[in-house]
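# Analysis of the macromolecular model
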Amino acid sequence: MGFSGATQFWNARFNKDEFIFGKDPNEYLVEQSSRYLKSQDSVLCIADGEGRNGVWLAKQGMKVTAFDVSDIALYKAKQFAQDNQVKVQYSLCDTDGFAWQNNAYDSVLAIFIQFADPAMRIRIFQQVYQALKPGGIFILQGYTPKQLVYKTGGPSLIEHLYTEEMIRELTQEFEILDLRCYEKKLSEGIKHQGMSALLGLTARKR
């Protein structure tokens, strides 16, 4: 799926009055950023959608850059940031079109970016590593293959889901601070609702 196809797909999903993933930040992101991030950190949110995570981080005093492939989601995100009286630097692009810079961020956040096929996933992990400053923090949340049983959110393609072995392979250059597979009931808008099979990763650029 190219950029225009992805935009069309996600616009169709986000074209609702409600926030389809809710307005509260992801729980794993909150837990890990509270441990490892600090006010004034420069952070990048990959595919931030309607802005729930980027806006929360900005409210903690961080300097937030975010992008998404959906202009409808970004419109909602910009309004959400304005309503919360914070600034987030948004751009309309996909992961391959984003202007990645080396050693630019204290943290990069990837919360449910499972639109990525295996080849794109490898590129993203390489881009994240290069974009982080030395000692920078990478926080990832996603679904494991057991999510195909729960069907409470996420992709239906097993190759888009995460296993611990896969994530260890992709993060060999990082120092892993936290890596867990677990099951928990999610309540993140209408799209992530119910018992879920999850993976959480927090890693530091060496």
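Look up a bit, the structure's there.
Residues numbered from 1 in each chain as written. Predicted model: local features only at pLDDT ≥ 70, side-chain atom pairs only at ≥ 80, totals over all residues. Heavy atoms only, no water.

## Considering the packing of helix α2 (residues 27-36) against helix α3 (residues 52-59)
The axes of two packed helices give the description: the angle between them and the distance between them. We count it as follows: In this analysis, axes come from line fits to C-alpha atoms, helices being fitted only over the stretch in contact, and the angle between any two N-to-C directions falls in the range 0 to 180 degrees. Think of it this way: any DSSP run of H or I at least four residues long counts as a helix, any run of E at least two long counts as a strand, and we number them from the N terminus. For classification, angles of less than 35 degrees are called roughly parallel, those exceeding 145 degrees roughly antiparallel, those between 65 and 115 degrees roughly perpendicular, and all remaining angles oblique. With the far helix as reference, a near helix turned anticlockwise by less than a right angle produces a left-handed crossing, and one turned clockwise produces a right-handed crossing. The contact rule is simple, with two residues in contact once any of their heavy atoms fall within 4.5 Å. In this classification, the charged set is Asp, Glu, Lys and Arg, the nonpolar set is Ala, Val, Leu, Ile, Met, Phe, Trp, Tyr, Cys and Pro, and all remaining amino acids, among them Gly, are polar.
Two elements in contact, α2 and α3, have axes whose closest approach is 11 Å; the angle formed by their N-to-C orientations is 30°. Between α2 and α3, the angle is such that the two are roughly parallel. When the axes of α2 and α3 are compared, the crossing they make is right-handed. Residue-level inspection shows L29, V30, S33 and S34 of α2 in contact with α3, the latter providing N53, W56 and L57. Split into classes, the residues belonging to the contact of α2 with α3 amount to four nonpolar, three polar and no charged.

## Quick notes on the packing of aromatic side chains
Given two aromatic rings, one states the distance between the centres and the angle between the planes to describe the pair. This is how it is decided: Between 30 and 60 degrees the pair is tilted, below 30 it is stacked and above 60 it is edge-to-face, where a pair is any two Phe, Tyr or Trp rings, Trp via its six-membered ring, whose centres lie within 6.5 Å. Burial classes: relative accessible area under 20% of the type maximum marks a residue as buried, over 50% as exposed, and values in between as partly exposed (1.4 Å probe, protein chains only). Charge over a ring is defined by NZ of Lys or CZ of Arg lying within 6 Å of the ring centre and within 35 degrees of the ring normal.
Tallied over the full model, the rule gives eleven aromatic pairs. On the basis of an interplanar angle of 35° and a centroid distance of 5.8 Å, the ring pair of F138 and F174 is categorised as tilted. Placement of the pair is F138 in strand β5 (residues 132-143) and F174 in strand β6 (residues 174-188), with a sequence separation of 36 residues. Relative accessible area serves as the criterion here: at 0%, F138 is assigned to the buried category. With relative accessibility at 3%, the residue F174 sits in the buried group. Aromatic ring contacts, followed pair by pair, group F9, W10, F14 and F21 into a single cluster. Taking the ring centre of Y182 as reference, the NZ or CZ of R180 above it sits at 5.8 Å.

## Quick notes on helix α4 (residues 71-83)
Residues lying three or four places apart along an α-helix face the same way, a consequence of the helix completing one turn every 3.6 residues. Inclusion rule: Any helix carries an expected span of 1.5 Å times its number of residues minus one. The directions from the helix axis to the C-beta atoms form the arc being described. Polar contact criterion, stated in full: a pair of N or O atoms within 3.5 Å, where within protein one must be able to donate a hydrogen and the other to accept it, and residues adjacent in sequence count only if both atoms are side-chain atoms.
Taking 1.5 Å of rise per residue, 13 residues should cover 18 Å, and α4 covers 18 Å from first to last C-alpha, within 8% of that figure. The set of residues buried in α4 consists of A73, L74, K76, A77, F80 and A81. For α4, the angular spread of buried residues about the axis comes to 160°, placing them on one side. Turned more than 90 degrees away from the buried face of α4 sit Y75, Q82 and D83, all of them exposed. Buried residues in α4 make contact with α1 (3-14), α3, β2 (63-68) and β3 (88-92). One side-chain oxygen of the residue at the start of α4 lies 3.3 Å from the amide nitrogen of I72, identifying that residue as S70.

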